[in-house]
Amino acid sequence: MVIKNERTGFRFGLTTALMFIAGMILDWESAYLTAVYLTILLESGKRIPVKGGITLLITTFIIYLAVCAVFTLLLQYPLFFFLALTGGLAGVIAMSVAGKSNLLVTLSLFAVIIIPYTTASSTETAWTLAIWMPLNLGIALVASWIAFIFFPEEKGESPALEVTTLSPSEKKRMFMQLVFSVVPIVAFFQLINGDHLLSILYFSLFSLQLIDPRSSSISPLEKLAANLFAV
């Protein structure tokens, strides 16, 4: 992200670093995801309301448990398993094209990639992740609220980003392009039981961000370079 305010930058950097360190020390399930969620919560420089955060947390639990239940039931039926995977990915892409919350889209994307992938090797682990991944969001929410207590939001700290509204025809075209580019690669990764789950997650995230790069403060290519060179 592009830091345009010292308070935003300090809150973002310090809180994210402390959360990542705490997760590694305490070694809770999928601890690294807490830091990922936290960066999204803090990126805008605006505190998410408590009611909205609780609603998001409940919604996330429902999504993850439902996804886990569906793919556990379909594990013995490969054709329906991959049809469900296609439908889930298409649903996430539709949410992103429609301009839904970046955090909700990211959480849903992680659900339809990580949970089916894990289910294929261990349903017990998949159920554990289906509980812990939303819990990590809850931890990130609490951490973000504490961060805004110590570093309150200042007036004008989080200016709105210029977002380009896509026409219905452009949305349809973008949806089809992403379905035909993202779904086959994720399905193939699942089929061969690929070894590098983070690679397919990054690919999917960067692909969704191509919907309208101008709606973000930093382009997908810049994010890719930052991950490659740790800048």
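Residues numbered from 1 in each chain as written. Predicted model: local features only at pLDDT ≥ 70, side-chain atom pairs only at ≥ 80, totals over all residues. Heavy atoms only, no water.

### What about the packing of helix H7 (residues 168-191) against helix H8 (residues 197-209)?
If you want to describe how two helices pack, look at the angle between their axes and the distance between the axes. Two elements in contact, H7 and H8, have axes separated by 11 Å at closest approach and are oriented at 175°. For the element pair H7 / H8, the angle class is roughly antiparallel. Where H7 approaches H8, its residues Leu178, Ser181, Val182, Ile185, Val186 and Phe189 are matched on the opposing element by Leu197, Ile200, Phe203, Ser204, Ser207 and Leu208. For the contact of H7 with H8, the per-class residue count stands at 9 nonpolar, 3 polar and no charged. (Axes fitted to C-alpha atoms, helices over the stretch in contact; angles between N-to-C directions. Helix = DSSP H or I, 4+ residues; strand = E, 2+ residues; numbered from the N terminus. Parallel < 35°, antiparallel > 145°, perpendicular 65-115°, else oblique. Contact = heavy atoms within 4.5 Å. Nonpolar A, V, L, I, M, F, W, Y, C, P; charged D, E, K, R; others polar.)

### Details of the packing of aromatic side chains
Inspection of every chain in the model, using the stated rule, returns 4 aromatic pairs. Ring centres of Phe81 and Phe82 lie 5.7 Å apart, and the angle between their planes is 65°; on these two criteria the pair is classed as edge-to-face. For Phe82, a relative accessible area of 24% gives the class partly exposed. Three or more aromatic residues joined by ring pairs form one cluster here, namely Phe71, Phe81 and Phe82. (Phe/Tyr/Trp six-rings, centres within 6.5 Å; stacked < 30°, edge-to-face > 60°. Buried < 20%, exposed > 50% of the residue type's maximum accessible area, 1.4 Å probe, protein only.)

### Considering helix H3 (residues 50-73)
With 24 residues, H3 extends 35 Å between its outermost C-alpha atoms, agreeing within 8% with the 34 Å of an ideal straight helix rising 1.5 Å per residue. Looking only at H3, the buried set comprises Gly53, Leu56, Thr60, Tyr64, Val67, Cys68 and Phe71. If you follow the buried residues of H3, they end up packed against helix H2 (31-43), helix H4 (78-97), helix H5 (102-119) and helix H6 (123-150). (Expected span 1.5 Å × (residues − 1).)

### Some thoughts on H7
When the terminal C-alpha atoms of H7 are compared, their 33 Å separation across 24 residues agrees well with the 34 Å that a helix rising 1.5 Å per residue should span. Buried within H7 we find Met174, Leu178, Val179, Val182, Val183, Val186, Ala187, Phe189 and Gln190. Looking at the buried positions of H7, the neighbouring elements they touch are H4, H5 and H8. Once H7 ends, the next one or two residues include Asn193, with phi positive near 55°.

### So, the side chain of Thr106
Summarising the element assignment, Thr106 is placed in helix H5. In this view, Thr106 contacts Ile40 and Leu205; residues no more than four positions away in its chain are not counted.

### Examining the environment of Ala35
Topologically, Ala35 is positioned in helix H2. Each C-alpha atom, one on Ala35 and one on Met19, is 6.0 Å from the other, the two residues being 16 residues apart in sequence. Among residues more than four places away in sequence, those in contact with Ala35 are Thr16, Met19 and Phe20.

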